Amino acid sequence: MFNWFRRNKDSDKEQVKQDTPPASETQEEVVEEKQEEGESSASQEQYLEWAKTAFANIQKQKAGVETEPEESQTVTEDEQSATGQEEETVTESGEETPQGEMVAEVPEEEEETPEMEENVPAWMQKSDRLETLKESAIDTTEEELDEDFMWSAQVLASQGRSADDVSMEEFEWLKKLRQGLGKTRRNLINQLKSVVGQGPLNDDAVMEIEALLLSADVGIEATEYIINTLQEKLREEALPPEEAIAYLKQILQTLLDKPLENIEDKTFEPQEGKLNIWLLTGVNGAGKTTTIGKLAHLAKSSGYSCVIAAADTFRAAAVEQVKVWGERTDTPVIANPGKNTDPAAVVFDGISAAIARNADLLLVDTAGRLQNKKNLMEELAKIRLIIDKKAVDAHVESLVVLDATLGQNGLRQAQVFSEAADLTGVVLTKLDGTAKGGVAIAVSQQLNLPIRFIGAGEGIEDLRPFSSFEFVEALLSQ
Ligand SMILES: Nc1nc2c(ncn2[C@@H]2O[C@H](COP(=O)(O)OP(=O)(O)OP(=O)(O)O)[C@@H](O)[C@H]2O)c(=O)[nH]1
C-alpha cells in the first residue's frame, strides 16, 4: 500500500540540485565525476537509467492492479446535479453576495502546443544521447518515456527518491500537477527567462517581473519580496538565465515553506495512536465537499481508517452530497436527518462513531455559508467546544478550502475564515487550468498558513499532499 502521507518522509534528506543526478550517488561523487568528465552526459544517462528503472517498476505495479476493478474517477453529472447549486457565499465583510461574482475559470484541456514540445528539461537537452538510449531500451517505448514522465522522474529523483520505490500514482499525480499549472507556467517562464540573466534588473525588467507575478496572483507583498531578493542576488553575482530561474525557484519555495517554520508536523500525516479530527471549512463552491471525499479516499488508500461527519447542516443537499462521497469511498458518513440541525450535535455523533470504530481520522464538513462572521465564529467555536469535551486527546486541524481560480478574491474570503476559525492550514483546489497558480505563494505569504493539500482536477485521485518543491518545479520548469 502506498502511503501518500509518508512518501517524502524517509527522503527528507537534502534535495539534490536540479542538474545533478539521482540519489544513487552522493553529491561529492557527482561533483568529482563532473570534474573528471567535464559536463559529461553521465548525469543524463543516470537520469535516464533512473527513469527506466522507475518505469519498469511502475509497469510491474500496473500489472498487479490490472485485474482489480477501477474506481470511477469523477463525480457523475447526476451526482453533482443532485446537490443543486449554491447561490450565495460569505464575503470579507461577512455579507452574502451572488455566487455569480465568483465565476470560476473553466479548466481547459492541456493542449500539446509546440512550445510544450520544446519544454524538455535542461538535463535532457544537453545531447542527443537520450534518443539513442531510448531506442535501445528494450521494453520502454519513446511514447511511454514522454516529457511528463521524464520531468516527473527528475522531480522524484531530485528529492532523493529511489527508482525502485516510487509509485505509479506519483507519476500520474505529477503529470496532472504539471499539466494543471501549464497555463500559469507558460505565462511566466519564457518572459521571466528573457528578463533575468542579464545582470542586475533594470527598471523595465523589474516592472515586467512585477506584472508577470501579479498576473499570476502572487500578490503585491510576495512580489515585492521576490523581486528584492532576486535583485540582491543578481547584484552580487551575474547569473545566466537558467541559474537565475533556479534561484527564483528557491525564493518561491522558501516563501511556501515559511509558514511551516514553527510547525513540527511538516508532513501532515494523521498522528498515530489517537483520533485525528480535521475540520474543513470554506465558502460554497470552493470544493469543500469534493475535498472531503478525496481526502477520505486518500486517507483510506494510504492505510488510515476514516469517518466523515456531515456537519454542514445548513443545506440538506450538502449532506446528501457528502453521503455520495461516503458511498464512493466506502466511508461511514455520520449525519443528522433533520433540517437545519445543530452541527455540533453531528460532530458529537461523529466523534462517538469514530471512537467506536477506532478510526484514525474524522473528517468534518462544516458550513461555509453563514450570514456573517459572528455566526461562523459561533458555530465553529461550538464545534471546537464539543471536540474539546468529547475527544480530549484528539489531534485537531482546521483547514480552509480555497478555490485557486478566485486568486486574490479567494484569499480575502480565507481571511474571514482565518479570523473566525482557528485555522491551521489550507487546501488549495482547482489549480488545474487556472493562470492564477501563483496564489499559492500569496496564501503562504499573506495568511501565513501552510498549504496542506492541493487539488488539480475533479477526479477522486486529484487531491494530494502539498509539496513546495514539486509545486515550484511544476510552476517554473520548462
Ligand atoms: N477542476 C476542478 N474542479 C474541482 C476541484 N475541486 C472541486 N472541484 C469542483 O468544484 C465544484 C464545487 O465543488 P464542491 O465540493 O461541491 O464545493 P463545496 O465547497 O462543497 O460547495 P457546496 O457543495 O456548494 O457547498 C464541483 O463541480 C467540483 O467537482 C479541482 O481541484 N479542480
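Every value quoted in this text rests on a predicted model; they were computed, and no experiment measured them. All residue numbers refer to position in the chain's written sequence, counted from 1. Confidence filtering applies because this is a predicted model: local features only for residues at pLDDT of at least 70, side-chain atom pairs given and counted only at 80 or more, and all residues used for totals across whole chains, interfaces and linings. Values shown for side chains rest on all heavy atoms present in the structure; no hydrogens or waters enter the calculation.

Caption draft 1: Expanded view of the side chain of Asn-276. Secondary structure follows DSSP: runs of H or I at least 4 residues long count as helices, runs of E at least 2 residues long count as strands, and numbering of each begins at the N terminus. Looking at the secondary structure, you find Asn-276 in strand 3 (residues 276–281). Assessed through its relative accessible area of 0%, Asn-276 is described here as buried. Reaching out from Asn-276, the side chain makes a polar contact with the backbone oxygen of Lys-274 at a distance of 3.3 Å. Filtering out sequence-adjacent residues up to four positions away, Asn-276 remains in contact with Pro-270, Gln-271, Asp-360, Leu-361, Leu-362 and His-395. Between buried and exposed lies partly exposed: a residue is buried under 20% and exposed over 50% of the maximum accessible area for its type, with that area taken using a 1.4 Å probe on protein chains only. In protein, a polar contact requires one atom able to donate a hydrogen and another able to accept it; more generally it is a pair of N or O atoms within 3.5 Å, and residues adjacent in sequence count only if both atoms are side-chain atoms. Any two residues whose heavy atoms approach within 4.5 Å are treated as being in contact.

Caption draft 2: Up close: the pattern of salt bridges. Salt-bridge detection follows one rule: a side-chain nitrogen of Lys or Arg within 4 Å of a carboxyl oxygen of Asp or Glu. All told, the structure shown has 18 salt bridges when counted by the stated rule. Two residues, Glu-470 and Arg-7, come together in a salt bridge whose shortest N-O distance is 2.5 Å. Note that Glu-470 is positioned in helix 19 (residues 468–476) and Arg-7 in the segment before helix 1 (27–37), a separation of 463 residues in sequence. Take Glu-470: its relative accessible area is 1%, and that puts it in the buried class. A residue is classified by how much of its surface remains accessible, and Arg-7, at 10% relative accessible area, is buried. A single salt-bridge network, built from bridges that share partners, covers Arg-7, Arg-161, Glu-170 and Glu-470.

Caption draft 3: Looking closely at the pairing of strand 3. Of all six residues in strand 3, six are buried; the element is thus mostly enclosed. Side chains Asn-276, Trp-278 and Leu-280 of strand 3 all project onto a buried face; the interleaved residues Ile-277, Leu-279 and Thr-281 project onto the opposite face, where all are buried too. Pairing analysis gives five bridges linking strand 3 to strand 6 (residues 361–366), with the strands arranged parallel. Note on strand 6: the bridge partner recorded for Trp-278 is Leu-363. Strands were regarded as paired on the criterion that DSSP finds at least two bridges between them. Note that strand 3 and strand 7 (residues 395–403) share six bridges and pair parallel. Along strand 7, the bridge assignment pairs Ile-277 with Val-396.

Caption draft 4: How the structure looks around the sheet that holds strand 5 (residues 333–334). The eight strands are arranged 5-4-6-3-7-8-9-10 in an open sheet whose pairing can be described as mixed. Looking at which strands have only one partner, the edges of the open sheet turn out to be strand 5 and strand 10 (463–465). Alignment of strand 8 (residues 425–429) against strand 9 (residues 451–455), held across three bridges, turns out to be parallel. Among the inter-strand pairings, Val-427 is bridged to a residue of strand 9, identified as Phe-453. A fitted line through C-alpha atoms represents every axis, and for helices the fit uses only the stretch in contact; the resulting angles, taken between N-to-C directions, go from 0 to 180 degrees. Strands in contact with helix 13 (residues 288–301) are strand 3, strand 4 (306–311), strand 6, strand 7, strand 8, strand 9 and strand 10; relative to strand 6, the strand with the most contacts, it is inclined by about 175 degrees. With respect to the sheet, helix 17 (residues 407–420) is in contact with strand 3 and strand 7, its orientation differing from that of strand 7 by roughly 150 degrees.

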